[in-house]
Amino acid sequence: MTKKTVFILMLTTLLFACQKGKDSTEIKIDKLISEMTLDEKIGQMNQLTGMGLSDDMKEQLKNGRVGSILNEVDVNIINELQRIAVEESRLHIPLIFGRDVIHGYKTIFPIPLGQAASWDPKIAETGARIAAEEATSVGIRWTFAPMVDVSRDPRWGRIAESCGEDPYLTSVFGAAMVKGFQGDKLSDSNSMAACAKHFAGYGAAEAGKDYNTTWIPDVQLRDVYLPSFKAAVDAGAATFMCSFNDINGVPSSGNKYLNRDILRDEWKFDGMLVSDWGSIDQMISHGVSANLKNAAAKAIEAGVDMDMMALAYITHLKKLVEEGVISEKIIDESVRNILRVKFRLGLFENPNVKPDSNAFYKPEAIAAAKYAAEESAVLLKNNNLLPLGSSFKTVAVVGPLADAALEQFGTWSFDAEPAHAVTPLKAITDMYGKQYKIIGEPGLVFSRDSNATGITKAVAAAKKADVVLVFAGEEAILSGEAHCRADISLPGLQNQLISELKKTGKPIVLVIMAGRPLTIEKQINESNAVLYAFHGGTMAGPALADLIFGKVIPSGKLPVTIPRMVGQIPVYYAHKMTGRPGTNFVTIDKIPIGVFQTSLGNTSFHLDAGDKPLYPFGYGLSYSTFEYSKVKLSAKTMEKNGKITAECTVKNTGKFDAKEVVQLYVRDPVASLARPVRELKGFEKILLKAGESKTIKFEIDATQLGFWHEDKTYYAEPGEFQVWISKDSQSGEAVSFKLK
Ligand code: BGC
């Protein structure tokens, strides 16, 4: 052996020893990074929106200046762009194509808020799986979902894409969606990288106005806004997205505490963090950066790996390295995170996609979308009207959303095709038109319509009918990003339409299709039955038809509180007790004239709204009825590291086989920090035959009882705890145990 061979052998052994412990992907990433120029590294960190096959884009790809493209959906263009990146760029690194595939790609499921109302995470998982199968068939391997922002303000348009107000429910649903999108293996060609967004606190936007500032104490951030993100990490979410808002003055794209200290150091997230659209440059507008260069430096220091559409990294990072402001090491870390996701997706081995014209609207996808819409509708009221029996011969179908294919998709349905949506009017006519005479008369053309001429026709139709179905609510465009409302009542002349219909004396079924809770107390009072259906997607019509005529029994429960008045907001079930809980209400009309100041009870309520919402979180009726037994605990005391079981027997006391969502809540009534009056800790959706009983058991351990303390520690404090197993967040009787 020559000296040279011995030296090479030693070197290889040494290198091998250093690499030992690293998995093969990390070794490949190391090798690739060692070959990359600084420009190529920065190119990977740059995400651009699709520009088709423009010369500019082709040139940028050849020069390795783009790591990802979003919003390109033409499979041939995607394949060609990918070919250029892989074959014509120096290092052959594939692109990753991203898109907001939020609640379906072609086959649209209910909006996430609606899916959460099913309280069946399997529905969200299946919906995400189907979305992934459809979207990956055109080459989209990265979705910007799930959105796991806890949302307690229905004015905020983005509540539609959330799973509602509760950290636990949001965590369970977010994790289910991650699982669905990512499938069995991320490298499967029909798997998509999920993206937990928007990190973090976005739902706390002041006044429910999108992009608005937030002020969130650390204990609240950790108790309320972060658990769903942690659950997404635990579920294996491949990527995260920053939020637009600032928290306590620090915009998320420049927030080292969130993105490095918590996400990377505490949670050990090793995926990729992308900014939101232009959120790096928006640090200028926030008033924390004087220019784009400074914003780029702040973002990379805070650990944002990829710049979505701000062009901050591609324009300034190189100079920042050359000037010594940013180290190349920190850039390598980000590139490593990006390449890791690309390797995990198998993009290096299989960069292209085989077009599949049969990928959309498969019968099983359509059936799943219908099932999801059925399970998502919440029955708020039923004065013995639903399900409609055969005594109703003529049915008037009215309201601006009765036959509005586009609107029932809800927000984030870029790729949906109205021709494939089945509206309530069409479904009722096709499915029940033989048994019943159906008269369709919208009354209003769209939800904001302020032209009253159609109302007269709708009233005439109602007069000819035995029952009136009113499909009211909001068009899709009235919720979603940047579509916030200060007045969340029914828009346009819908209230007038309902009052006029009420005057006919005909029984009214009100079906609300909306992207948020609406303040509709009066309209509910005017109706005999009310179904809250959110925006139900492609199959909203058939699902609602079967619910109304009783082929399907409603089983949804509210994932969010419905306020009586907008002025009650924020109103959510897990509020604190306050020092003077609301009692002895004196409503505004009952206050005697000239009365002395302290005669009003001096407790926490609104003179004009009391202290209760219209419907609480977790609420929802069925055509059947359920009785809950008293809760039994397996022990009166829980050891510090022990467990107890809480059980309750639920009986279907009605006439229909039906599903019920059994909910577990706890409260820590005396703690070092005031705790919420109740917190959801578990739930189970069960099917009970008429007359059947089932005993539901929940295990409780100390980790579920803890909370974050000001010194950034999480633990449960010893003492008494209350437990409810109930049908919603307000009913039931508490039992107690002691934690040692
Ligand atoms: C939204 C994100 C979305 C991104 C890309 C932004 O405006 O806030 O939720 O994923 O655009 O479309």
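Relevant structure appears above.
Residues numbered from 1 in each chain as written. Predicted model: local features only at pLDDT ≥ 70, side-chain atom pairs only at ≥ 80, totals over all residues. Heavy atoms only, no water.

Engineer: Tell me what's going on with the overall build of the protein chain, and back it up with residues and numbers.
Structural biologist: Broken down by element type, the protein chain carries 22 helices and 27 strands. In terms of overall dimensions, the protein chain is globule-like: its C-alpha atoms have a radius of gyration of 28 Å, near the 27 Å expected for 740 residues. For the protein chain, the spread of C-alpha atoms along the principal axes amounts to about 100 × 60 × 55 Å. A burial count over the protein chain gives 60% of its 740 residues as buried. Of all intrachain contacts in the protein chain linking residues separated by at least 6 positions in sequence, the fraction that spans at least 24 positions is 77%. Accessible surface, the protein chain as shown: approximately 29000 Å² in total, 54% of it carbon and sulfur. Taken together, the 84 basic and 87 acidic charged side chains of the protein chain have centroids lying 4 Å from each other. (Helix = DSSP H or I, 4+ residues; strand = E, 2+ residues; numbered from the N terminus. Rg over C-alpha atoms; globule rule 2.2 N^0.38 Å. Buried < 20%, exposed > 50% of the residue type's maximum accessible area, 1.4 Å probe, protein only. Contact = heavy atoms within 4.5 Å. Areas by Shrake-Rupley, 256 points an atom, 1.4 Å probe, with all protein chains shown as cover. Lys, Arg positive; Asp, Glu negative; His and termini not counted. Charge placed at Lys NZ, Arg CZ, Asp CG, Glu CD.)

Engineer: Now, about the nonpolar core: what can you tell me, with residues and values included?
Structural biologist: In this structure, F240, Y313 and I331 are the most contacted members of the largest nonpolar core, which totals 115 residues. Among the elements that take part in this core, helix α15 (residues 328-344) stands out by supplying 7 residues, more than any other. What I331 contacts, discounting residues up to four positions off in sequence, is L38, K41, I42, M45, L317, V321 and I326. Counting residues in each nonpolar core, the second largest holds 60 residues, with F549, V666, I696 and V735 among its members. (Core = buried A, V, L, I, M, F, W, Y, C linked by side-chain atoms within 4.5 Å.)

Engineer: Provide a residue-level description of the packing of helix α13 (residues 292-301) against helix α14 (residues 312-322), including the pertinent values.
Structural biologist: Where α13 contacts α14, the two axes come as close as 9 Å, and the packing angle between them is 85°. Between α13 and α14, the crossing angle belongs to the class labelled roughly perpendicular. In contact with L292, K293, A296, A297, A299 and I300 of α13, α14 contributes A312, Y313, H316, L317, K319 and L320. Residues belonging to the contact of α13 with α14 are distributed by class as follows: 9 nonpolar, 1 polar and 2 charged. (Axes fitted to C-alpha atoms, helices over the stretch in contact; angles between N-to-C directions. Parallel < 35°, antiparallel > 145°, perpendicular 65-115°, else oblique. Nonpolar A, V, L, I, M, F, W, Y, C, P; charged D, E, K, R; others polar.)

Engineer: Give me the site of the ligand: which residues, what numbers.
Structural biologist: Taken together, L70, D100, F144, R158, K197, H198, M241, F244, D276, W277, M308 and E481 form the complete shell of residues around the ligand. K197 places a side-chain nitrogen or oxygen 2.8 Å from an oxygen atom of the ligand. When the ligand sits alone it has 310 Å² of accessible area, and the protein chains cover 94% of it. Per-class residue counts for the shell around the ligand are 6 nonpolar, 1 polar and 5 charged. (Near = heavy atom within 4 Å. Polar contact = N/O pair within 3.5 Å; in protein donor to acceptor, adjacent residues only side chain to side chain.)

Engineer: Explain the sheet that holds strand β5 (residues 195-199) to me, using residue names and the numbers behind them.
Structural biologist: The strands making up a sheet are joined through hydrogen bonds of the backbone, oriented either antiparallel or parallel. The parallel open sheet is built from 3 strands, whose spatial order is β5-β6-β9. Each end of this open sheet is capped by a strand with a single partner; those strands are β5 and β9 (272-274). Shown here is a sheet whose adjacent strand axes are inclined to one another by a mean of 25°, direction ignored. Looking at chain direction, strand β6 (residues 239-242) and β9 are connected through 3 bridges and run parallel. Note that in β9 the partner of F240 across the bridge is L273. Where helix α10 (residues 227-234) meets the sheet, it contacts β5 and β6, and its direction lies at approximately 155° from that of β5. (Pairing = 2+ DSSP bridges.)

Engineer: Help me get a handle on helix α9 (residues 218-225), residues and values and all.
Structural biologist: Residues that lie three or four places apart on an α-helix share one face, since the helix turns once every 3.6 residues. α9 sits mainly inside the fold: 6 of its 8 residues count as buried. Of all the residues in α9, the buried ones are V219, L221, R222, D223, V224 and Y225. In this structure, the buried residues of α9 make contact with α8 (167-182), α10, β7 (246-247), α11 (256-266) and β24 (707-708).

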